[in-house]
Amino acid sequence: MRRRQRRIALLALPALMGSVLMTTAPAGADPAGPATAGPVRSHLEDPDSASLVRIQLTGSDMLDEVVAAGFDLEHGLTRVPDGIEGEAVLTAEQVAELEAMGVKILGDDEGFAWSEEADGGLQAPRLQTVQALSQEATVRIARADWFTTKGQGFLYVEARTTQGQQANPLVTMQLENDSGSGTSFGYARTMSRFVDSGQYMFHRNLFKLAARPSQIRVTSSTGGVATGYVSDWLENGAPPLTDNPSYQRDFIDGYKTPQQLYRRAEEIARQYPKIAEIVYLPNKTNGYQRKAQATIGGTGQAAVVVSSAAWGHEGGNDITVEFVNRPGANLPLAVEVNGKAVRVLLAKNASGALASTAAQVANALKTQSGGLIDRAHPYRTNAGTGIVQATPAPVALTDFLDEKRVGAPEGDVPRGPATIPVLRIGKHRDGKKPGVLIQAQDHAREWVPATTSLEAAERLVRNYDTDKETKKIVDNTDVFLILSNNPDGANYSFYNYASQRRNLTNHCADADADPARRNSWGVDLNRNYRVGSGHDGYSGGSTSCISDTYQGPEKLSEPESKNIIWLVEKYRNIKFMMSVHSNGGQLFWQPGAYIANGRITTPRPPLGDEAFYWQSAARILSQVKAHRETVVTPENVGGSSDVLYSSAGNVREDLYHTYGIYAFGWEVGGSIYNPATGNWQGGSFQPAWVGNPELVSGHAETMEYANGIMEMFRIAAEWGKDNKKPTSELVPGAGKYSGSVDVHFETSEPATIYYTTDGSRPTLESPRYEATEFREPGQVFHLTETTTFNWFSIDAAGNIEKGYDPTKNDTRNNYRTATITIVK
């Protein structure tokens, strides 16, 4: 039986989908136009009907192409053996456009689903055509994780074959598990092959089991075999955030606009001045504001797009533009301005026919409107060769920000640039305690990250005087919370267009600057940073100004991203960072981007940092699970380019590689197991606040993920007090071995090892002990000659084994050493 994972996509309001702004004069109309009592305001046309469509892309390259074309596919994506599957709200016209690009539209019964039943593995008929090669392939088990949720057990496995890249014949893998210690292997099933950007990643499986297995066995079609023990994932239970029965939580009663978030941050600073203050970021946003616009004359060669010089709220919305057909012949093109009324007196030829082209009218508006119009041009890529017709009445320009979407909050939104406040919480805000930066709502439509971050802030200040665990956090960390890093876009999402992802800055040239494109403008702030940037050829950032992953005209072009760099450079004690997003149900770190050709990633963290990330992730996600048994599965944890897709120019990459900050990305929400249906049920960017408390609920997500943020604070506090030196061993250790031996390093805690084998003292420039391959343990050295290892280890907090100083050539030489003697 096959069960499909379904996702609930954010359904954009029909009145805001695929709209076109224009005013037109009907063919054959009286050029003077009918009598009218006042100006006609441009309107939203009725859009085509849109529906939720399931799609399949061939891989990351096609994803980049589709997103660059302006389709919003950045969340709710699933890696499948044949590429990437996802969902989108599309019109029939958009479906046709995607199909022309090679995207497959999936029917109700199509698409990938994990098999819940053993299919016989390599003995299955569909695999009998695979011929074994002459040599045995090497198989390694990367992960074998058992977890439970809502009373159901699951096993997730990742394994690799060294021949995974070969395609002819395709190497397949079979997975078997036992039924507990001492039982035999069985239940053979075929593993799913995972390929990204043309590169083999690994084989994997996720499936239900009634009882926890002890071991698994993986066999390749070329004869390689590996066995391994099963580990627990989030099964040991998280230590409680507190044992205080009077601990306060659950402070948030609904979604919050940026104004509400900022007001509450400032109130907290006033209410708790001993432990909280506000830091105002220096770069104001470009503002919740737009130029007033209209597209006049349809969308053909005679259409003219007009934009005001002033912002709409500063006078642009008061401007009217009228195209006038005067009586007579041989009349020149002219422009009259009376206050905010602009009249274009159209030219006429010798026979008395209208003679002004759209290009000519646009130029006249730019040069003769008395500064009221600073941008006028033909529609999109048109040359503007059509003859402009008179308008039936003056056309009022509008910034469209007063046209609120259905369900928008009450009240008006402040126009103009915004100053973003950072809520700083800590007893000792002097730069001596480890800083933790929580950045929420980089992407405007992601409402839950903001409430999650505010809930965490409330817990810190409300429980400080009464809860010892909270007091430890506040006394030993320096917390910086940006509750909404994209207030302009967030306001647009709340009030105008729920699906807005980017900020509101319009960098588009004339071809994409008409108001029908207004829901496609803006910069993806999480593609605007410097490391692994799309400007340097990394995948996942777009150069198209109407793409939802538009990276901006240059690195750090946006005030919001400049502010983050200002903050971490001013407060050098910031050592941890969490960029909170929704709704993928993932927790990830570096590498976050790659160059598609060859899948060349940004530098991977050292093995010690990688181990620290995994250790921290298990703690954070255990706290999430403690609320209502939500499990972020291990397939969704790790380097973001390995578990999701390449995200060129993301903030995590910049902060980790430039400043050494442990920088996490968190996709809250995502899939949650529904025991009633036996399926994993997806979420949305703006789930109903109450909803189903056991499934999709903004309130429940806020509570459980606030638990995780609190645990991150605790990790940082412990990190700041950690002065315990790590220890390490070379296994199996110094001694004599016959013929050859395999050795590897082990550490007492997450730590990076630097070593030499040439007899020299190890330094920070020495070779670094690496993973066998990504998402795997440390490499194994196969020794056939006598070898001496000199090494030291350094943990995540900077403590060095035995107090060794690798920067000085002192006489103690108290590094570790071991000689492996090979007896021939």
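Fair warning: this is a prediction, and the values are worked out from it, not measured in the lab.

1. Considering the overall build of the protein chain
And step 1. Each helix and strand in the protein chain was counted, giving twelve helices and 42 strands.
And step 2. Taken against the 2.2 N^0.38 rule, which gives 28 Å for 824 residues, the C-alpha radius of gyration of the protein chain at 30 Å falls within 12% of a compact globule.
And step 3. For the protein chain, the proportion of its 824 residues judged to be buried stands at 59%.
And step 4. Across the protein chain, contacts joining residues at least 24 apart in sequence account for 76% of those joining residues at least 6 apart.
And step 5. Entry remark: accessible area of the protein chain is about 31,600 Å², with carbon and sulfur atoms responsible for 49%.
And step 6. For the protein chain, the separation between the mean place of its 80 positive charges and that of its 94 negative charges on side chains is 4 Å.

2. Quick look at the nonpolar core
And step 1. Among the nonpolar cores identified, the biggest contains 103 residues, and I425, L437, L655, W666 and F713 are the most heavily contacted of them.
And step 2. Not counting residues up to four positions away in its chain, the partners in contact with I425 are I275, A276, A457, L460, V461, V474, T477, D478, V479 and L481.
And step 3. Judged by nonpolar contacts, the second largest core, of 24 residues, contains V321, A362, V388 and L397.

3. Details of the pattern of salt bridges
When their charged atoms lie close together, side chains carrying opposite charge are able to pair.
And step 1. Under the defined criterion, the tally for this structure stands at 48 salt bridges.
And step 2. Ionic pairing is found between E455 and R459, a salt bridge with its closest N-O pair at 2.9 Å. With E455 and R459 both in helix α5 (residues 448-463), this residue pair falls four residues apart, about one helical turn. When sorted by exposure, E455 lands in the same class as R459, which is buried.

4. Some points on helix α1 (residues 60-68)
Since one α-helical turn is 3.6 residues long, residues separated by three or four positions face the same way.
And step 1. Every buried residue of α1 is listed here: S60, M62, L63, V66 and V67. All buried residues of α1 project into a common sector of 155° when viewed along the axis, lining one side.
And step 2. A positive backbone phi angle near 105° is found at G70, which sits one or two residues after α1.

5. What to know about the pairing of strand β25 (residues 421-425)
Looking down a regular strand, the side chains alternate between one sheet face and the other.
And step 1. Counting buried residues in β25 gives five out of five residues, a clear majority hidden from the surface.
And step 2. Burial along β25 is two-sided: the residues P421, L423 and I425 and V422 and R424 are all buried.
And step 3. Summarising the sheet, strand β17 (residues 276-280) and β25 pair through five bridges and their orientation is antiparallel. Residue pairing across strands places A276 opposite I425, the latter belonging to β25.

6. Overview of the sheet that holds strand β18 (residues 291-296)
And step 1. Spatial strand order, β18-β19-β23: three strands in an open sheet with antiparallel pairing. Two strands lie at the open edges of the sheet, namely β18 and β23 (373-378), each paired on one side alone. On average, each strand axis in the sheet is tilted by 15° relative to the strand beside it, whichever way the strands run.
And step 2. In this fold helix α4 (residues 358-368) packs onto β19 (304-311) and β23, with an angle of close to 175° to the strand it touches most, β23.

7. Section: the packing of helix α8 (residues 559-570) against helix α11 (residues 651-659)
Between two packed helices, the angle of one axis relative to the other and the distance separating the axes together describe the packing.
And step 1. Contact pair α8 / α11: the axes reach a minimum separation of 12 Å and the direction vectors enclose 30°. Judged on the interaxial angle alone, α11 and α8 are roughly parallel. The element α8 and its partner α11 pack so that their crossing is right-handed. Listed contacts from α11 to I564, I565, V568 and E569 of α8 are V651, D654, L655 and Y659.
And step 2. Considering only residue class, the contact of α8 with α11 consists of six nonpolar, no polar and two charged.

8. Some details on the confidence of the model for the protein chain
And step 1. Confidence in the prediction of the protein chain, expressed as mean pLDDT, is 90, and 92% of residues score 70 or more.
And step 2. This stretch, residues 124-137, has a pLDDT under 50; its non-local contacts, to residues over four places away or in other chains, come to 29 contacts.

9. What to know about the side chain of T505
And step 1. For T505, the location among the structural elements is in the loop between α7 (487-495) and α8.
And step 2. Under the relative-accessibility criterion, T505 is labelled buried at 12%.
And step 3. Within the local environment of T505, its side chain forms a polar contact with the side chain of E558, the two groups lying 3.3 Å apart.

10. Here we look at unusual backbone geometry
And step 1. Across the junction of N168 and P169, the peptide omega takes the value 0°, indicating a cis bond.
And step 2. Structurally, the position occupied by P169 is in the loop between β9 (152-161) and β10 (173-177).
And step 3. Backbone torsion omega between S582 and N583 reads 5°, so that peptide bond is classified as cis.
And step 4. Its place among the elements puts N583 in the loop between β28 (574-582) and β29 (586-589).
And step 5. A positive phi angle, near 50°, is found at S197, a position not held by glycine.
And step 6. The residue S197 is located in the loop between β12 (192-196) and β13 (199-209) in this model.

11. Observations concerning the state of the cysteines
Any covalent bond linking the sulfur atoms of two cysteines counts as a disulfide.
And step 1. For the structure shown, the criterion picks out one disulfide.
And step 2. Paired by a disulfide, C508 and C545 hold their sulfur atoms 2.0 Å apart. Its S-S torsion of about 115° marks the bond between C508 and C545 as right-handed, since a negative value means left-handed. Of the two residues, C508 sits in the loop between α7 and α8 while C545 sits in the loop between α7 and α8, which places them 37 residues apart along the sequence. For the pair formed by C508 and C545, the shared burial category is buried.

12. Structural notes on the environment of T227
And step 1. As for its placement among the helices and strands, T227 is situated in strand β15 (residues 225-229).
And step 2. When the C-alpha positions of T227 and N177 are compared, they lie 9.5 Å apart, and in sequence the two are 50 residues distant.
And step 3. Those residues within four positions of T227 in sequence are excluded, and the remaining contacts are I141, F185, I216 and R217.

13. So, the sheet that holds strand β41 (residues 787-795)
And step 1. Across the sheet, four strands lie side by side as β37-β42-β41-β39; this open sheet has mixed pairing. With partners counted over all chains shown, the strands left at the sheet margins are β37 (735-738) and β39 (751-756), one partner each. The mean angle between the axes of side-by-side strands here comes to 30°, regardless of whether they run parallel or antiparallel.

14. So, α4
And step 1. Residues of α4 that are buried: A358, V361, A362, A364 and L365. Considered in projection along α4, the buried side chains sweep an arc of 160° and stay on one side of the axis.
And step 2. Tucked into the core, α4 has its buried residues touching β19, β20 (320-324), β21 (334-338), β22 (341-345) and β23.
And step 3. Once α4 ends, the next one or two residues include G370, with phi positive near 65°.

15. Here we look at the packing of aromatic side chains
And step 1. Applying the stated rule across the entire model yields 36 aromatic pairs.
And step 2. Each ring, one from W566 and one from Y571, has its centre 6.4 Å from the other, and the planes form 85°; the classification is edge-to-face.
And step 3. Three or more aromatic residues link up through ring pairs in this structure, and these residues are W233, F576, W589, F612, Y613, W614, Y656, Y662, F664 and W719.
And step 4. Positioned over the ring face of W614 is R143, at 4.2 Å from the centre of the ring.
And step 5. Above the face of the F400 ring, R518 is positioned so that its terminal group lies 4.9 Å from the ring centre.

16. Points about the side chain of R264
And step 1. Mapping R264 onto the fold places it in helix α3 (residues 258-271).
And step 2. Apart from residues no more than four positions distant in its own chain, R264 is found in contact with Q271, L454, E458 and R462.

17. Describing the packing of α3 against α7
And step 1. Packing of α3 against α7 brings their axes to within 9 Å, and their N-to-C directions diverge by 125°. As summarised for this structure, α3 and α7 are arranged oblique, according to the angle between their axes. Where α3 abuts α7, its residues P258, Q259 and Y262 lie against P487, A490, N491, F494 and Y495.
And step 2. Of the residues contributing to the contact of α3 with α7, the split by class is six nonpolar, two polar and no charged.

18. Regarding the environment of N317
And step 1. Structurally, N317 can be placed in the loop between β19 and β20.
And step 2. Look at N317 and you get buried, because its relative accessible area is 16%.
And step 3. Separated by 86 residues in the primary sequence, N317 and S231 place their C-alpha atoms 63 Å from one another.

Calculation rules
Residues numbered from 1 in each chain as written. Predicted model: local features only at pLDDT ≥ 70, side-chain atom pairs only at ≥ 80, totals over all residues. Heavy atoms only, no water. Helix = DSSP H or I, 4+ residues; strand = E, 2+ residues; numbered from the N terminus. Rg over C-alpha atoms; globule rule 2.2 N^0.38 Å. Buried < 20%, exposed > 50% of the residue type's maximum accessible area, 1.4 Å probe, protein only. Contact = heavy atoms within 4.5 Å. Areas by Shrake-Rupley, 256 points an atom, 1.4 Å probe, with all protein chains shown as cover. Lys, Arg positive; Asp, Glu negative; His and termini not counted. Charge placed at Lys NZ, Arg CZ, Asp CG, Glu CD. Core = buried A, V, L, I, M, F, W, Y, C linked by side-chain atoms within 4.5 Å. Salt bridge = Lys/Arg side-chain N within 4 Å of Asp/Glu carboxyl O. Arc of directions from axis to C-beta. Pairing = 2+ DSSP bridges. Axes fitted to C-alpha atoms, helices over the stretch in contact; angles between N-to-C directions. Parallel < 35°, antiparallel > 145°, perpendicular 65-115°, else oblique. Left-handed = near helix turned anticlockwise from the far one by under 90°. Nonpolar A, V, L, I, M, F, W, Y, C, P; charged D, E, K, R; others polar. pLDDT = per-residue confidence, 0-100. Polar contact = N/O pair within 3.5 Å; in protein donor to acceptor, adjacent residues only side chain to side chain. Disulfide = S-S within 2.5 Å. Phe/Tyr/Trp six-rings, centres within 6.5 Å; stacked < 30°, edge-to-face > 60°. Lys NZ or Arg CZ within 6 Å of the ring centre and 35° of its normal.

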